[in-house]
Every structure is written in structure tokens, then in C-alpha cells.
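# Observations on the three-dimensional arrangement
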Amino acid sequence: MELTDFQKKLVTLLPQIEFAMDEPMAKHTSFRIGGPAKRMAFPETEEQLAALLAAVMLWVWIPTAGAEEAPVPIHTVQDLLDMAQNPEGSYILMEDLDLAGIPWKGLDFSGTFDGNGHALLNLTLTEVGDIRLPAYDGNAKSYDAAYLGFFSTLRNAQVKDLKLINVRSCLEINEPCFVGALAGYAEEASITGCTVTGTLELRAFDRIFGIGGMVGYGSGAIQGCTMDMTLICVDTDATTLDEQFLGGAYATGYINVQDCSITLAGFVSEHGYVHSGGVVGMYMKYPLGKGTGYITGNQISGKITFFEDNKSRRAYCEAVVGESLVSPYVLRDNTQEFIRDERQDV
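Now for a quick tour of the structure.

Definitions and cut-offs
Residues numbered from 1 in each chain as written. Predicted model: local features only at pLDDT ≥ 70, side-chain atom pairs only at ≥ 80, totals over all residues. Heavy atoms only, no water. Helix = DSSP H or I, 4+ residues; strand = E, 2+ residues; numbered from the N terminus. Buried < 20%, exposed > 50% of the residue type's maximum accessible area, 1.4 Å probe, protein only. Contact = heavy atoms within 4.5 Å. Areas by Shrake-Rupley, 256 points an atom, 1.4 Å probe, with all protein chains shown as cover. Salt bridge = Lys/Arg side-chain N within 4 Å of Asp/Glu carboxyl O. Pairing = 2+ DSSP bridges. Axes fitted to C-alpha atoms, helices over the stretch in contact; angles between N-to-C directions. Phe/Tyr/Trp six-rings, centres within 6.5 Å; stacked < 30°, edge-to-face > 60°.

What follows concerns the overall build of the protein. For the protein, the count of helices and strands is three helices and 32 strands. Taking all 346 residues of the protein together, 48% fall into the buried category. The contacts in the protein between residues at least 6 apart in sequence include a share of 72% that link residues at least 24 apart. On the protein, roughly 16200 Å² of surface is accessible, and the fraction owed to carbon and sulfur atoms is 51%.

What follows is the structure, given as C-alpha cells:
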């Protein structure tokens, strides 16, 4: 009879142990049992038994091609930092971690991260990531932009059940830039069951920039999340004409948002064009969006105070979507208590 791979492996690993082929089980039991055994081992000592069990366990747990690997557990801040060695990996947070006093440069991430209901506390975003990726304005013109967040970018990544509590940042930069508590940039990213709270400030002037509660710019989906954020966006150069974006969930792009709770205190001072919204500043499909978009079932509460110093004013500021360049998309079942507070004297 042809041996199976498993039987061949045991014979190779354990030549000292006797094996029998098609052994009748009735010889070894006092009750009726199916059989015969295809291959039966007869260890004679405890050492041989231990070796046999070890070999069986080794075979059972050898990962097969295409099998999903178990996520890497994260217990310490160093474990978080070590994700940079494998940004395509799978991770699970095993306990709350306090990041107070630790400078944070976001990771370009394309794996999976399970927050497991735990929190990262007192995160301070200090440095944009190394990657520059194109961001688009309302005229489909692209700009290579920098990105700031816990993850600088999320590309084809999944993040779930993670809490970022008391996130802080005050970034001043002289290039196009987008900021979000979880990620500066998302491309076909899935974000579910996450919570972010804190204050983010962006001070910039170069052509295009923006700030969002969860994400800065991109595509994908945000579902069942909670955002309670103070967002501040300041244009630092009155001589340049730029595009500014601010949103309670994300600044601009084509991210679907469903069943989220958004509490927002937004502040904008801009010498170019303002695009601000309780969910998203500007909703646009190109070039990343696919299919019909949706912004549904969200609860929005808050206020955006803004100043737009521009003769050809736009002053987009609404409870859900500041400006939409998408058709068609589903916008329904959103509830809001929102104040649009435009100032002329700032």
C-alpha cells in the first residue's frame, strides 16, 4: 500500500519506532471500533512516545502554501515600532499602550491591524512619512503630497477595532500635505470599528492641503467608527492661492462612510478656497473611486468656524459634504446638529 505523505514523514523522523500497516484495532481495544489503522506506531519508551507526539505536532502545525498566518501580537511600544520591518504583515494589539513623549513617524502600511478593542493613548504625530503620493484637486490636477498620521499611508490595508485616544499634532509644512489621526492617505483601505479623539493642526500654504478626523485623503471605506476631533487648518501665506480641505471623517477623496458618529470642532483660516464638511470637505471620484459611493447612516454634531479671504469666494461648508463632484452617490439617513460659522473679521 502506498504511504501517505504524513506516514512517510513519521517514518523518516522516527526510524527507531515500529510501525504496522493496516493494523486491526480489535487487537488493541475492548470495545468495537472502526479500523483497521492505516498506520500504527508502537513506541516502547516514554522518550519514543514524546518524540512521536512532537513529530505529529510538528506536521500538523507546518504552515501550508497560501495559509493565513496568525497575526503578530503587539504588547509593547517597541512591538509597534517593529512593524516597520514588515509593513505588509498582520498584527493584533494585545493591551493599551501609552505613547506619551514618543515622537511618531507614520508607517506606509499595506497589511492588517486588529486593535482588538485596545487603545493607543497620547499619540503625538511629529513627522510625515517618507512616501509622496499624488493628491488631486477639484480640477483633476495632481500634486505629490506628504502624509501624516499614525499610519502615513494605508494601501489595500485593513484596520479594525483600534482606539486612538488623545491624538495630538501641530504640523507646519511648506509642501502639499494631508493629515488624519489614523492615516494621512488611504487607497482602497478598510477601516471598521475604530475610535479617534484629539486635536490636529495643520499650518501650510503650498497649493493643496487638508486635514480629516480619521483620514486625510484617499479612497476606501470607513464603517462603524467614532470620531471626536478638533481640527485646525491655517493658511500661512496670504500671497498664494491654494485649495484647503477639512472634514470630520476625511478631508477629501472618495471614501465611503457608513454608520459613524462624528463630533467635530473645526477651525479654518484660508486665503484661497475653503472646502469643509461635517463628514468630508470635498467628495470626488477621480482617480481612485470605484462604483457608486455612499455616505449613509451617520450622526454628525459640531461646528466649523471658517474665514475665506478671497475675492472669487467659494466658501464651501456644509453639515455632511462641503462640495460634491461625484455623481451618482447615495446620501441618506444622516442626522446632524451642525453650525456653519463663517467669519469676515479674522
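Moving on, we come to the pattern of salt bridges. Applying the stated criterion across every chain yields a total of 11 salt bridges. As a salt-bridge pair, Asp341 and Lys303 come within 3.7 Å of each other at their nearest N and O atoms. One end of the pair, Asp341, is in strand β32 (residues 335–342); the other, Lys303, is in strand β28 (residues 299–308), and 38 residues separate them in sequence. On the basis of relative accessibility, which here comes to 13%, the residue Asp341 falls in the buried class. On the basis of relative accessibility, which here comes to 35%, the residue Lys303 falls in the partly exposed class. Salt bridges linked by common partners bring Lys105, Glu127 and Asp130 together as one network.

So, about the sheet that holds strand β16 (residues 177–180). Pairing is mixed in the open sheet, where seven strands are placed in the order β11-β12-β16-β19-β22-β25-β29. Each edge of the sheet is formed by a strand with only one pairing partner; in this case those strands are β11 (133–136) and β29 (316–318). Pairs of neighbouring strands in the sheet enclose a mean axial angle of 25°, with direction left out of account. Note: strand β25 (residues 273–277) against β29, three bridges, orientation parallel. By the bridge assignment, Gly277 is partnered in β29 with Glu318.

In this section: the packing of aromatic side chains. Two descriptors summarise a pair of aromatic rings, namely the distance from one centre to the other and the angle between the planes of the rings. Scanning the entire structure with this criterion turns up 13 aromatic pairs. Relative to Phe109, the ring of Tyr91 has its centre 6.2 Å away and its plane inclined at 45°; by these criteria the two rings are tilted. With Tyr91 in strand β4 (residues 90–93) and Phe109 in strand β7 (residues 107–109), this residue pair connects regions lying 18 residues apart in the sequence. Residue classification places Phe109 among the buried positions, given a relative accessible area of 1%. Here Tyr254 and Tyr283 contribute two aromatic rings whose centre-to-centre distance is 5.3 Å and whose plane-to-plane angle is 20°, an arrangement assigned as stacked. Linking Tyr254 in strand β23 (residues 250–258) with Tyr283 in strand β26 (residues 280–283), this pair joins segments that are 29 residues apart in sequence. Per residue, the accessibility class of Tyr254 equals that of Tyr283, and both read buried. Ring-pair connections join several aromatic residues into one group, and the members of that group are Tyr91, Trp104, Phe109, Phe113, Phe150 and Phe151.

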